[in-house]
Amino acid sequence: MTRRGYRKAKNALFLGLSMVATAAGLAALAAILFTLLTHGLAGMSPALFTRMTPPPDSSQGGLLNAIFGSAVMTAIGILVGSPIGVLAGTYLAEYGRNSRLATAVRFINDVLLSAPSIIIGLFIYEILVVRMGHFSALAGALSLAVLAIPVTLRTTEDMLNLVPIGMKDSSAALGAYPWRTTISILYPAARSGIVTGLLLAVARISGETAPLLFTALNNQFWSTNLNAPMANLPVVIFQFALSPYADWQQLAWSGALIITLTILALSISARTLLALLHRQGSGR
Amino acid sequence: MALIDPRHAAQQRIYERLFRAATLGAALLVLLILGGVALSLLKGAWPALHHFGFGFVTSEVWNEVTDQFGALTAIYGTLVTSAIAMAIAVPAGFGIALFLTELCPPVLKRPIGVAVELLAAVPSIIFGIWGLFVLAPVLQRHVQPWLIAHLGPVPLIGKLFQGPPFGIGILTAGIVLAIMVLPFIAATMRDVFDTVPPMLKESGYGLGATTWEVIWNVVVPHSRAGIVGGIMLGLGRALGETMAVTFVIGNAHRISASLLAPGTTISSAIANEFTEAVGDLYTSSLIALGLLLFIITFSVIAAAQAMLQRLERRALTSI
């Protein structure tokens, strides 16, 4: 083969492989969604949202208590975690900037963003469950809060940095203190960006299983007591999917479908919001 | 306009101080959390570390009846599953990033990019349940018998593919992990490739280079730090991934030469056994496993971040 032919063949080979890789990645996503839809839709019924998780070998059950528990713990997780993330992000963007402390916080936050969630579960177990002597929904919610902080912190800082400097200067020229500028000018200007961060944080924590295993545990019954174990979708899916009972496995598939659709909807709306924001930004 | 009211100004200064303190407190809390994680794990792991000493890391005995615990099988499983995952996900992620930055028609660039990122948003338990009920049976029926028949008798590597096709096991866990970390690696590499100045690439093409030659000789050398950072970030995820692995690894505290055999990883051992652990030494040993995982993943992720931080920080790349 000529040298030119060899180079062309090599080029075609690697470019072909890259297309194969992309096709394989997309196929994996499609395969997972397809399986979830076929298995999950089979179990979709009103009972799913009106009945409690059943005992083994009973077709008379739903996921109401698990859905409720997941919603409660995710909500508390966001309510506790996101203000901390937003405030810390504000510190990095407005006060700390390039100080040594801010650089350290930024670095540690990026590490926490990728840290295994099971470690956070062990941490909350050590500082809360051991002290209190029992598993509780509160401990579960707090471990989710710890996981929500890095996501909101990072997006808040990035979004505050996108606000045009002129807006900040104008506010300062009117005699406003930085806190007033931040609350009345910067937060409103960066609102959709910060909301994106919150959506991503909800998406991140609502599917977390590992940290809940030894904090919130699980509960077969309806419970609104934050000081007691509480059912939640991920742990129920884990437990039911690995059980030998067909009804439990069916519920696990339905729960998996509910969780995935929720998270994909959240991620897609976050991305849409961000795309709108960038379009606005470039028009300015 | 009226002159500044001194009382108003004093009030403003107090608010300023309070707000600043609140933001600073929140920022310090992030540092505190990491410190707290390290200290609490150390405290929880202390009884086991004290009892077994350094032998905890080198012993492969894991027996809750005789209260003998060693981490070697779990460390082995964690490293091998992650190695399989990286062997698959790094070339595939590189391919996807290459496709998205150099080959993809502009109309498809965004949808495919979003699809890859959505794969990253799917919770790990979904990968677990899919791996157990869909992937494992396929591997057991079609892939593993072929591996055993064709690679089993081969000298040296044959040992890796012997024994019955269980479906679940080290290899399956590695493949599921590969699918999970693929979007992280692909998205990071894509963002890094995007930062290569078009001028450099155009110069390559101007000299008559093929697309592949431009990628291999211009794009890759220019973005080396980012590529390594992305790979390490993916590795950090793979090492610590819990639920997906727990479903398909088989949970056997045994080191087998064969990749088809069941095994265990640090995180899956904790997830499986923690709530059932009776006795302080058992619980403490599991927390000691957690401490090991923390040290390993922290080093890998910190190294990855150090490499990536030099590059432009872009929102949402690692979420």
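Residues numbered from 1 in each chain as written. Chains lettered and ligands numbered in written order. Predicted model: local features only at pLDDT ≥ 70, side-chain atom pairs only at ≥ 80, totals over all residues. Heavy atoms only, no water.

### Quick look at the packing of helix α1 (residues 6-52) of chain B against helix α12 (residues 280-309) of chain B
All names here are of chain B.
- Closest axis-to-axis distance for the α1/α12 pair is 7 Å, and the angle between their directions is 130°. The orientation of α1 relative to α12 falls into the category oblique. By crossing handedness, the relation of α1 to α12 is classed as left-handed.
- Split by residue class, the contact of α1 with α12 holds 17 nonpolar, five polar and no charged. (Axes fitted to C-alpha atoms, helices over the stretch in contact; angles between N-to-C directions. Helix = DSSP H or I, 4+ residues; strand = E, 2+ residues; numbered from the N terminus. Parallel < 35°, antiparallel > 145°, perpendicular 65-115°, else oblique. Left-handed = near helix turned anticlockwise from the far one by under 90°. Nonpolar A, V, L, I, M, F, W, Y, C, P; charged D, E, K, R; others polar.)

### Regarding the pattern of salt bridges
- According to the stated counting rule, one finds 12 salt bridges over all chains in the structure shown.
- The shortest N-O distance in the salt bridge between E213 of chain B and R7 of chain A comes to 2.7 Å. A residue pair is termed interchain when its members come from two chains, as with E213 of chain B in helix α8 (residues 211-222) and R7 of chain A in helix α1 (residues 3-41).
- The residue D158 of chain A makes a salt bridge to R154 of chain A at a minimum N-O spacing of 3.9 Å. Of this pair, D158 of chain A and R154 of chain A are both found in helix α6 (residues 137-162), four residues apart, which corresponds to roughly one turn of the helix. (Salt bridge = Lys/Arg side-chain N within 4 Å of Asp/Glu carboxyl O.)

### Brief notes about the side chain of T211 of chain B
- Locating T211 of chain B in the fold gives a position in helix α8.
- Using a relative accessible area of 18% as the deciding quantity, one classes T211 of chain B as buried.
- Among all residues touching T211 of chain B, those that are not within four sequence positions of it are N11 and L15 of chain A together with L103 and Y205 of chain B. (Buried < 20%, exposed > 50% of the residue type's maximum accessible area, 1.4 Å probe, protein only. Contact = heavy atoms within 4.5 Å.)

### Comments concerning the interface of chain A and chain B
- The interface is formed by 86 residues belonging to chain A together with 88 residues belonging to chain B.
- Taking both sides of the interface into account, the surface hidden between chain A and chain B amounts to around 7800 Å²; carbon and sulfur atoms contribute 77%.
- The tally of links from chain A across to chain B stands at three salt bridges.
- Connecting chain A to chain B are 11 residue pairs in polar contact (both at pLDDT 80 or more). (Buried area = accessible area lost by both parts, 1.4 Å probe. Polar contact = N/O pair within 3.5 Å; in protein donor to acceptor, adjacent residues only side chain to side chain.)

### With respect to the confidence of the model for chain A
- In the predicted model, chain A carries a mean pLDDT of 91, and 98% of its residues have values of at least 70.
- Confidence scores differ between elements of chain A, with helix α12 (residues 246-283) of chain A showing the lowest mean pLDDT of 86 and helix α3 (residues 64-96) of chain A the highest of 95. (pLDDT = per-residue confidence, 0-100.)

### Considerations on the environment of A252 of chain A
- Tracing the chain through its elements places A252 of chain A in helix α12.
- Between the alpha carbons of A252 of chain A and F238 of chain A there is a distance of 7.5 Å; along the sequence they are 14 residues apart.
- Leave out the neighbours within four places in its chain, and A252 of chain A touches I237, F240 and A241 of chain A together with I129 of chain B.

### Quick notes on the environment of L144 of chain A
All names here are of chain A.
- Tracing the chain through its elements places L144 in helix α6.
- The exposure class of L144 is buried, given its relative accessible area of 2%.
- A sequence separation of 64 residues divides L144 from V80, and the C-alpha atoms of the two residues are 9.2 Å apart.
- Ignoring anything within four residues of it in the chain, the contact list for L144 reads M73, T74, G77, I205, E208 and L212.

### Some thoughts on α8 of chain B
- Between the first and last C-alpha of α8 of chain B there are 15 Å, a value that for 12 residues agrees with the 16 Å anticipated at 1.5 Å per step.
- Within the span of α8 of chain B, buried status applies to T211, W212, E213, V214, I215, V218, V219 and V220 of chain B.
- Against α1 of chain A together with α3 (72-103), α6 (170-194), α7 (198-206) and α9 (224-240) of chain B lie the buried residues of α8 of chain B. (Expected span 1.5 Å × (residues − 1).)

### A few points about the nonpolar core
- If you look at the biggest cluster of nonpolar residues, it comprises 169 residues, and the most contacted ones within it are F127 and L289 of chain B.
- The element that contributes the greatest number of residues to this core is α12 of chain A, accounting for 14 residues.
- The residues contacting F127 of chain B, other than those within four sequence positions of it, are I32 of chain A together with L119, V122, V176, I179, M180 and A244 of chain B.
- In terms of nonpolar packing, the next biggest core, distinct from the first, is built from 10 residues, A21 of chain A together with A92, L100 and I112 of chain B among them. (Core = buried A, V, L, I, M, F, W, Y, C linked by side-chain atoms within 4.5 Å.)

### What about the side chain of S143 of chain A?
- On the secondary structure map, S143 of chain A appears in helix α6.
- Judged by relative accessible area, S143 of chain A falls into the buried class, the value being 0%.

### Some details on the packing of aromatic side chains
- Evaluated as defined, the whole model comprises 22 aromatic pairs over all chains.
- A centroid spacing of 4.1 Å and a plane angle of 10° characterise the contact between F240 of chain A and W248 of chain A, whose relative ring orientation is stacked.
- Aromatic ring contacts, followed pair by pair, group F14 of chain A together with F94, F193, W212 and W216 of chain B into a single cluster. (Phe/Tyr/Trp six-rings, centres within 6.5 Å; stacked < 30°, edge-to-face > 60°.)

### Here we look at a nonpolar patch on the surface
- The grouping of V154, L156, I157 and L160 of chain B at the surface amounts to a nonpolar patch, some 360 Å² of accessible area in total.
- Within the element layout of this structure, I157 of chain B appears in the loop between α5 (124-150) and α6. (Patch = residues over 30% accessible without salt bridge, like charges linked within 9 Å, V, L, I, M, F, W, Y side chains within 5 Å. Areas by Shrake-Rupley, 256 points an atom, 1.4 Å probe, with all protein chains shown as cover.)

### Points about unusual backbone geometry
All names here are of chain B.
- Within the chain, D67 stands out as a residue other than glycine whose phi angle is a positive 60°.
- By the secondary structure assignment, D67 is in the loop between β1 (62-63) and β2 (68-69).
- The phi dihedral of N251 falls on the positive side, at around 50°, and the residue is not glycine.
- Within the secondary structure layout, N251 lies in the loop between α10 (243-248) and α11 (266-273).
- Residue class for N251 comes out partly exposed when judged on its relative accessible area of 33%.

### Some remarks on the confidence of the model for chain B
All names here are of chain B.
- For chain B, per-residue confidence averages 89 on the pLDDT scale, and 96% of positions sit at 70 or higher.
- A low-confidence stretch, residues 314-319 stays under pLDDT 50, and its non-local contacts, those more than four residues away or across chains, total 21 contacts.
- Reported confidences for the modelled complex are a pTM of 0.91 and an ipTM of 0.89.

### Observations concerning the packing of α3 of chain A against helix α4 (residues 100-114) of chain A
Residues and elements named next belong to chain A.
- It is the contact of α3 with α4, at a shortest axis distance of 10 Å, that shows an interaxial angle of 150°. It follows that α3 is roughly antiparallel to α4 by the angle criterion. For the pair α3 and α4, the crossing hand works out as left-handed. Contacts between α3 and α4 involve Y91, L92 and G96 from the first element and L101, A102, V105 and R106 from the second.
- Residue composition of the contact of α3 with α4, grouped by class: five nonpolar, one polar and one charged.

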